[in-house]
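Breakdown of the fold
The primary structure of each chain is shown beneath.
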Amino acid sequence: MEERGPQINHLSFADDIIIFTSGRRKSLKLIMHTLATYERTSGQLINKTKSHFFLHSNAFRTTCDRIRKYTGFQQKETPISYLGCPLFFGRSKNIYFSDIINKVVNKITGWQSKMLSYGGKATLVKYVLQSLPIHILSATTPPSTIIMQIQQIMADFFWGWRNDKRKYHVIRKLKPSM
């Protein structure tokens, strides 16, 4: 977080919240005071066994100890999944996006036994498979290899298999216009 920026920032959805902070004592005290006020006014308690904090691997050990002391939360390693999106530090890795690949494959696996026309397959690809990664793609930027892998899985489903081999995909290559 920037030194002159806000000391606390957050993402919130339903009963989940992610709080971003510098980890300074002042910020931690403010966070815990706000959470205590919430507990008193709402009657709901923060479950500290389900609450965690994350630090970059280069963070000082004293920062980790300070956050643990003021919050009572345990440190957790990244990546984590929040609302279906991987949260991590640094460069995105293919493994972080394995859940979306698995979702696409699981959907297709359920459809494999059905005799579907090309129109039926096109409808499933367009309205079901292509909508699965929309949330992740709007929130994060996966590696291009993940995008290509999802496109390949969809194409394989659409064009089908014969004798455990992929059928050739019918693709029209356009010549560049001059």
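It should be noted that the structure appears before, not after, this text.
Description of the structure in this document. For clarity, every value in this text was computed on a predicted model and none was experimentally measured. (Residues numbered from 1 in each chain as written. Predicted model: local features only at pLDDT ≥ 70, side-chain atom pairs only at ≥ 80, totals over all residues. Heavy atoms only, no water.)

1. Some details on the pattern of salt bridges
According to the stated counting rule, one finds two salt bridges in the structure shown. With a shortest N-O distance of 3.9 Å, R61 and D65 are connected by a salt bridge. With R61 and D65 both in helix α2 (residues 61-71) and four residues apart, this pair spans about one turn of that helix. Close ionic contact of D65 with R68 constitutes a salt bridge, the shortest N to O distance being 3.6 Å. Residue D65 and its partner R68 are both found in helix α2; the two are separated by three residues, about one turn of the helix. Each of R61, D65 and R68 takes part in salt bridges that share partners, so that together they form one network. (Salt bridge = Lys/Arg side-chain N within 4 Å of Asp/Glu carboxyl O. Helix = DSSP H or I, 4+ residues; strand = E, 2+ residues; numbered from the N terminus.)

2. Quick word on the nonpolar core
I108, L129, I150 and F157 are the most contacted members of the largest nonpolar core, which totals 17 residues. At the level of elements, α3 (98-111), α4 (118-129) and α6 (144-159) are the ones that each hand at least two residues to this core. Excluding its chain neighbours within four sequence positions, the residues that come into contact with I108 are L129, I153 and F157. In terms of nonpolar packing, the next biggest core, distinct from the first, is built from nine residues, L28, M32, F53 and C64 among them. (Core = buried A, V, L, I, M, F, W, Y, C linked by side-chain atoms within 4.5 Å. Buried < 20%, exposed > 50% of the residue type's maximum accessible area, 1.4 Å probe, protein only. Contact = heavy atoms within 4.5 Å.)

3. Regarding the side chain of S51
Within the secondary structure layout, S51 lies in the loop between α1 (25-42) and β3 (52-53). At 2.8 Å, the side chain of S51 forms a polar contact with the backbone oxygen of N47. Not counting chain neighbours up to four residues away, the residues in contact with S51 comprise I46, F73 and Q74. (Polar contact = N/O pair within 3.5 Å; in protein donor to acceptor, adjacent residues only side chain to side chain.)

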